[in-house]
Amino acid sequence: MLRATLTLLAGGALAQLLPLLLGPWITRLYSPIEFGHFSLVWTVATNVAVVGCARYEFALPLEKDGLRAARLMALCLRVLLAVTLVSACIGWAWSVWQGLDLAVWLGLAVLAGASAQALTLWATRASAFGALAAARLVQYGGAAVLQVVLGLAAFGAVGLLLGPIVAGLAAALWLARVARPVNGWRSMWRQDGTDLSAMARRHKDFPLLNTPHAFAGALQDSLALLLLSCWAGDAAAGYWALAMRYLKAPASLVGGALSQTLYPRLVAARSPEEAVRLVRQAMAALAAFAIPLAAVLTVWGPSLFSWAFGERWQDAGELARALAPYVAVHFIASPLSVTTMAWQAQGWALRLALVGQLAFVLGIGVGLMQGGLIGAAWGVSATMALYFGYYFWALAHWKHKDGLFAT
């Protein structure tokens, strides 16, 4: 598990290094308003892409037989095709309704995000950790490089959006080439409908329980940007988006690597006690990184953002200071999201997640009314620290009954 995590971590470190190094250049090529427009469309696309395959892709590691796994992947691709077409129609309507030209790219953005996610789980099942590391570099590092190139070419907000779209599709194609199905990718479209229906019923908990959970989790970011844009303007949404983008980068780096190796280990755990011990160990290791990170943001957040991104982004640094507690608990929680899937406790996770989304939006709303943009950040930190505190306690004290995991 440690070797696989370090392999993914090395690839992820390179993938995150490029955006971090190019970030100051990107913020000087694009204005806060352009960043706000891009963030709104990309956040909505990410929200949809999270459930682009109805979460069936997360059942792929559970299928040990190659032919059955291929059937499940075929089901994922069919769902993704339908979601992409619907998203394209919604994007066109959005662009006409609000005059946001960037929204016409919504369908392609959903396809890029969802296909990369599905093929990541497919490659995880095959334990192709070297390919996964390379794909992370292409997806995240390549997106930043393309954003710089398109910014120099004066593409405006379109350049910000095309960067991650092209990079996501390239990463998906790379993983598809490395981890091929038993009978090749063409066989995906020749699967029997009866077999696909049986596979859909076999893993029905993923679309019925995990899809609402995942969608609600991603929805909080979309609602946050909508609230901030309506209450404080597009520039405020740009500040928030930049702060969240860079503050959540460590969670994406470490959390993504750890979750991809933790999930199969939890599935293969010989006893509930062993599984809980794995989660506690992961939690302690993540906390050792999260606490110093929050301390640095609290003390030097504003000055670091002004120095790195330019004076016009100083407000994003003030946001970073206020969001430091939330960043710390999110860093710990991010890779643990696979735990309840492995423990078949998705119903419990969905109920708790809905409470968390409500707390997040409530924190923003109350904070905006009391203290504007910075008040919203402190409101999120306060409500989410309480929410994740309970979540950590529940995972660390998980019990089992009649052979099944249960709280």
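Below or above, wherever it landed, is the structure these notes cover. Just so it is clear, the model here is predicted, and its values are computed rather than measured.

About the cut-offs
- Residues numbered from 1 in each chain as written.
- Predicted model: local features only at pLDDT ≥ 70, side-chain atom pairs only at ≥ 80, totals over all residues.
- Heavy atoms only, no water.
- Helix = DSSP H or I, 4+ residues; strand = E, 2+ residues; numbered from the N terminus.
- Rg over C-alpha atoms; globule rule 2.2 N^0.38 Å.
- Buried < 20%, exposed > 50% of the residue type's maximum accessible area, 1.4 Å probe, protein only.
- Contact = heavy atoms within 4.5 Å.
- Areas by Shrake-Rupley, 256 points an atom, 1.4 Å probe, with all protein chains shown as cover.
- Lys, Arg positive; Asp, Glu negative; His and termini not counted.
- Charge placed at Lys NZ, Arg CZ, Asp CG, Glu CD.
- Phe/Tyr/Trp six-rings, centres within 6.5 Å; stacked < 30°, edge-to-face > 60°.
- Salt bridge = Lys/Arg side-chain N within 4 Å of Asp/Glu carboxyl O.

### Quick notes on the overall build of the protein chain
Working step 1: Helix and strand counts for the protein chain stand at 14 helices and 2 strands.
Working step 2: Radius of gyration (C-alpha) of the protein chain: 21 Å, near the 22 Å computed for a compact globule of 407 residues.
Working step 3: Taken along the three principal axes of its C-alpha coordinates, the protein chain extends 55 × 45 × 40 Å.
Working step 4: Within the protein chain, the proportion of its 407 residues that are buried is 55%.
Working step 5: A fraction of 83% describes how many contacts in the protein chain between residues 6 or more apart in sequence connect residues 24 or more apart.
Working step 6: Working note: accessible area of the protein chain is about 17,600 Å², and carbon and sulfur atoms make up 67% of it.
Working step 7: Counting 27 positive and 16 negative side-chain charges, the protein chain places the averaged centre of each group 9 Å from the other.

### What to know about the packing of aromatic side chains
Working step 1: This structure, assessed with the given rule, holds 17 aromatic pairs.
Working step 2: Relative to Y391, the ring of W348 lies with its centre 6.4 Å away and its plane at 15 degrees, an arrangement referred to as stacked. Summarising the burial analysis for this pair, W348 and Y391 share the class buried.
Working step 3: Summarising the aromatic geometry, the rings of Y390 and W393 are spaced 6.3 Å apart at their centres and angled 25 degrees between planes, so their arrangement reads as stacked. Highlighted residues: Y390 and W393, both in helix 14 (residues 346-396), separated by 3 residues, approximately one helical turn.
Working step 4: Residue class for Y390 comes out partly exposed when judged on its relative accessible area of 42%.
Working step 5: Judged by relative accessible area, which is 52%, W393 ranks as exposed.
Working step 6: An aromatic cluster is built from W343, W348, Y387, F388, Y391, F392 and W398, whose rings are joined through pairwise contacts.

### Considerations on unusual backbone geometry
Working step 1: Of note in the backbone geometry, A54 takes a positive phi value of approximately 60 degrees without being a glycine.
Working step 2: Locating A54 in the fold gives a position in the loop between helix 2 (32-49) and helix 3 (66-98).
Working step 3: Judged by its relative accessible area of 15%, A54 falls in the buried class.

### Thoughts on the pattern of salt bridges
Working step 1: Summed over all chains, the structure comprises 4 salt bridges.
Working step 2: Close ionic contact of E63 with R202 constitutes a salt bridge, the shortest N to O distance being 2.6 Å. Of this pair, E63 sits in the loop between helix 2 and helix 3 while R202 sits in helix 7 (residues 193-202), and the two are 139 residues apart along the sequence.
Working step 3: On the basis of relative accessibility, which here comes to 48%, the residue R202 falls in the partly exposed class.
Working step 4: Between R71 and D195 there is a salt bridge; the shortest N-O distance is 3.6 Å. Here R71, found in helix 3, pairs with D195, found in helix 7; they are 124 residues apart in sequence, far enough to count as distant.
Working step 5: Judged by its relative accessible area of 23%, R71 falls in the partly exposed class.

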